[in-house]
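Single-letter residue listing:
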Amino acid sequence: MSEDKPGWFGRLFGRKGAEKASEPPAEEAPSPDEAASLVDPASPAEGHPDFATAADDVAHVPLPPEEPAPEAPARNTVPDVVEGADLMPIEGQEERPPAGTAGDDPARGAEPADTTSQAREPETGEPESPDEAPASAPDIQPVDAAAALAFDAGAEPQREPEARGWWSRLTSGMKRTSSNLSERVTGLFTKRKLDATTLEDLEDALIQADFGVETATRISDAVGKGRYEKGISPDEVRAILATEVERALDPVAQPLVIDASRKPYVILCVGVNGAGKTTTLGKLSLKFRAEGRSVMLAAGDTFRAAAIDQLKVWGARTNTPVISGAQGADAAGLAFDALKQAREAGTDVLLIDTAGRLQNKAGLMAELEKIIRVIRKFDPEAPHATLLVLDATVGQNALSQVELFSQAAPVSGLVMTKLDGTARGGILVALAAKFGLPVHFIGVGEGVEDLEPFAARDFARAIAGLEKA
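Calculation notes
- Residues numbered from 1 in each chain as written.
- Predicted model: local features only at pLDDT ≥ 70, side-chain atom pairs only at ≥ 80, totals over all residues.
- Heavy atoms only, no water.
- Helix = DSSP H or I, 4+ residues; strand = E, 2+ residues; numbered from the N terminus.
- Buried < 20%, exposed > 50% of the residue type's maximum accessible area, 1.4 Å probe, protein only.
- Contact = heavy atoms within 4.5 Å.
- Areas by Shrake-Rupley, 256 points an atom, 1.4 Å probe, with all protein chains shown as cover.
- Pairing = 2+ DSSP bridges.
- Right-handed = clockwise from strand over helix to strand, strands pointing away.
- Axes fitted to C-alpha atoms, helices over the stretch in contact; angles between N-to-C directions.
- Parallel < 35°, antiparallel > 145°, perpendicular 65-115°, else oblique.
- Left-handed = near helix turned anticlockwise from the far one by under 90°.
- Nonpolar A, V, L, I, M, F, W, Y, C, P; charged D, E, K, R; others polar.
- Salt bridge = Lys/Arg side-chain N within 4 Å of Asp/Glu carboxyl O.
- Core = buried A, V, L, I, M, F, W, Y, C linked by side-chain atoms within 4.5 Å.
- Polar contact = N/O pair within 3.5 Å; in protein donor to acceptor, adjacent residues only side chain to side chain.
- Expected span 1.5 Å × (residues − 1).
- pLDDT = per-residue confidence, 0-100.

(A) Structural context of the overall build of the chain. Counting its regular elements, the chain contains 15 helices and eight strands. In the chain, which comprises 469 residues, the proportion classed as buried is 36%. Long-range pairs, those at least 24 residues apart, make up 73% of the contacts in the chain with a sequence separation of at least 6. In the structure as shown, the chain presents an accessible area of about 28100 Å², 53% of it carried by carbon and sulfur atoms.

As structure tokens, this is what we get:
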């Protein structure tokens with residue numbers, strides 16, 4: 001074998017035969033016939049080189065500097081586990097440290113740096129370098145007792161040190177409606193003259209917020225009066241909007257007055273499913289008790305078992321007695337019994353819950369009429385107030401609810417709930433313009449404090465996105 005050609009071991013690992021391994025002792029070469037019998041050219045044994053194609057194997061030859069390296073790795077790439085295998089120190093020769101280390105002597109010449117990918121583990125007792133020092137333990141701060149209590153699943157939630165006022169809760173609850181209107185108004189009246197197209201766009205924005213066609217037309221006419229073909233700022237438009245909304249709502253903003261001469265003062269609560277009747281009665285009971293009045297609750301929603309339990313929870317929370325029956329019991333008979341017990345106990349206010357019913361179901365509306373007839377057999381003037389609870393999220397459907405419930409029951413006032421869940425809070429303006437019924441309370445959340453008497457000015461400025469006057 002020629003010494004200037006790499007051997008099979010060198011070609012296998014991509015090296016030339018510069019560092020030649022010791023060759024085994026020569027053996028007697030077999031005869032041609034014996035060699036042919038040992039190796040079958042048609043099916044070479046696995047792992048044996050094919051010397052016929054060895055000269056064509058040039059994968060181990062490095063590419064010239066001007067040629068770019070192939071993207072795929074060469075098939076003879078040296079594995080990490082064997083790279084530098086023949087750089088181990090030779091027995092009998094002095095081992096020198098690699099170039100650049102502290103023990104390197106410049107006079108002795110530089111040794112090639114160790115390129116082995118395996119990191120060297122320090123021997124026992126060998127000091128570690130500062131870079132290899134373990135990270136210090138994390139600085140664990142003591143947990144505040146109040147913060148720990150907040151994460152305790154069984155702990156009572158911590159209340160805010162200072163409860164928010166009604167104006168803050170109102171503006172937060174009306175944020176979706178006011179933001180929607182402010183964005184539309186700002187886009188319409190920024191760097192634009194007031195023309196017919198702009199006024200039509202404003203009217204469309206108000207109708208989409210459920211203000212109703214009549215109110216939207218009146219507001220757009222007020223904005224354009226004396227300002228046609230002139231510039232107007234978004235703040236001026238919001239101020240006009242607040243003024244017109246207050247003007248429409250001021251006649252219907254009436255508090256619920258309890259006549260102390262009538263004991264008990266009977267309040268009947270009606271509305272569709274999910275409007276919030278039971279929750280509203282629970283909140284009203286708390287308000288009346290805070291005024292020093294005695295209150296009794298009647299669980300007249302006998303169709304829904306959860307409504308009976310829900311009213312009992314409110315009764316326990318407000319320390320209010322609850323008159324209830326079994327699920328499916330006659331609601332009219334239960335209302336009669338509750339009125340009788342409230343009269344005997346000298347209760348100031350009796351709040352009667354009813355089952356939710358769709359306004360277009362004649363049979364359910366007939367049952368509501370039956371409850372009123374039975375109550376009037378005991379007290380001809382009862383119920384003294386009939387509150388229709390409306391869900392603000394239903395939009396224009398609230399108009400048909402007021403119309404049909406007023407035909408079945410003597411609706412005396414409205415309670416608008418869930419104003420925080422809609423961007424179309426203008427429905428209250430449309431109701432006032434069409435029916436003129438008193439609006440006693442509005443709700444902007446699930447909390448007890450989120451139901452308050454209705455004030456036209458506060459509502460108008462909140463829906464226009466203005467500060468409190």
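Right, picking up where we left off after that structure.
(B) Region of the structure containing the pairing of strand 6 (residues 413-417). Among the five residues in strand 6, five count as buried, and that is most of the element. Of the two faces of strand 6, both are covered, the one formed by G413, V415 and T417 as well as the one formed by L414 and M416. When strand 5 (residues 385-391) meets strand 6, the two strands line up parallel, connected through five bridges. Residue pairing across strands places V389 opposite V415, the latter belonging to strand 6. Where the polypeptide runs from strand 5 across helix 13 (residues 397-408) and back to strand 6, its parallel neighbour, the crossover connection is right-handed.

(C) Region of interest: the packing of helix 9 (residues 277-290) against helix 10 (residues 305-318). Between helix 9 and helix 10, whose axes approach to 10 Å, the crossing angle comes to 15°. The angle between the axes of helix 9 and helix 10 places the two elements in the roughly parallel class. Where helix 9 crosses over helix 10, the two elements pack in a sense that is right-handed. Contacts from T278, T279, G282, K283, S285, L286 and R289 in helix 9 reach A307, Q310, L311, W314 and T318 in helix 10. A breakdown of the residues in the contact of helix 9 with helix 10 according to their chemical character gives four nonpolar, six polar and two charged.

(D) Spotlight on the pattern of salt bridges. What the rule picks out here adds up to 14 salt bridges. Across the pair R247 and E244 runs a salt bridge, and its minimum N-O distance is 3.4 Å. One end of the pair, R247, and the other, E244, are both in helix 8 (residues 234-249), three residues apart, so they sit about a helical turn from each other. Exposure remark for E244: the relative accessible area of 6% places this residue in the buried category. Taken together, the shared-partner salt bridges connect R218, E244 and R247 into one network.

(E) View of the nonpolar core. With 102 residues, the main nonpolar core has F211, V223, V245, L249, I267, I442 and F459 as its most contacted residues. Apart from the residues lying within four places of it in its own chain, the contact partners of I442 are W166, L170, M416, L419, L428, D450, L451, E452, F454 and F459.

(F) The arrangement of the environment of L388 in detail. Tracing the chain through its elements places L388 in strand 5. Assessed through its relative accessible area of 0%, L388 is described here as buried. Along the backbone, L388 and A409 are 21 residues apart, and their C-alpha atoms lie at a distance of 9.4 Å.

(G) Structural context of the sheet that holds strand 6. Strand order in this open sheet of eight strands is 3-2-4-1-5-6-7-8, and the pairing throughout is mixed. Here the strands that pair on one side only, and so sit at the sheet edges, are strand 3 (322-323) and strand 8 (451-453). Sheet analysis places strand 2 (residues 295-298) next to strand 4 (residues 349-352), joined by four bridges and oriented parallel. Across the sheet, A298 pairs through a bridge with I352, a residue of strand 4.

(H) Quick look at the side chain of S178. The residue S178 is located in helix 5 (residues 175-189) in this model. Within polar-contact distance, the side chain of S178 engages the backbone oxygen of K175 at 3.2 Å. The residues touching S178, leaving out its near neighbours within four places in the chain, are A462, I463 and G465.

(I) How the structure looks around unusual backbone geometry. Note the cis peptide between K263 and P264, where omega equals -5°. Of note, the amide linkage connecting A382 to P383 takes the cis form, showing an omega dihedral of -5°. Relative to the assigned elements, P383 resides in the loop between helix 12 (362-378) and strand 5. Of note, the phi angle at N319 is positive, near 60°, even though the residue is not glycine. For N319, the location among the structural elements is in the loop between helix 10 and strand 3. Overall, N319 belongs to the exposed group, its relative accessible area being 59%. At K418, a residue that is not glycine, the phi angle is positive and equals roughly 60°. Assessed through its relative accessible area of 28%, K418 is described here as partly exposed.

(J) Geometry of the side chain of D379. Inspection of the secondary structure assignment puts D379 in the loop between helix 12 and strand 5. Judged by relative accessible area, which is 11%, D379 ranks as buried. Among residues more than four places away in sequence, those in contact with D379 are L339, R343 and H384.

(K) Geometry of helix 13. Between its first and last C-alpha, helix 13 extends 17 Å over twelve residues, near the 16 Å set by a 1.5 Å rise per residue. Every buried residue of helix 13 is listed here: A398, L399, Q401, V402, F405 and A408. Where helix 13 is buried, its residues touch strand 1 (265-270), helix 12, strand 5, strand 6 and helix 14 (427-434).

(L) Spotlight on the confidence of the model for the chain. Per-residue confidence for the chain gives a mean pLDDT of 75, with 64% of residues at or over 70. A low-confidence stretch, residues 15-23 stays under pLDDT 50, and its non-local contacts, those more than four residues away or across chains, total nine contacts. In this model, residues 35-47 is a region of pLDDT below 50 whose contacts with residues beyond four sequence positions or in other chains number zero contacts.

(M) Main features of the environment of M416. Its location among the elements puts M416 in strand 6. When residues no more than four places from it in sequence are discounted, the contact partners of M416 are L390, D391, A392, I427, L428, L431, F441, I442 and G443.

(N) Just the environment of R293, in detail. Along the chain, R293 falls in the loop between helix 9 and strand 2. In sequence terms R293 and T347 are 54 residues apart; their C-alpha atoms lie 8.1 Å from each other. Look past the residues within four positions of R293 in its chain and what remains in contact with it is I258, F288, D348 and V349. Within the structure, the side chain of R293 is placed 3.0 Å from the side chain of E291, a separation counted as a polar contact.

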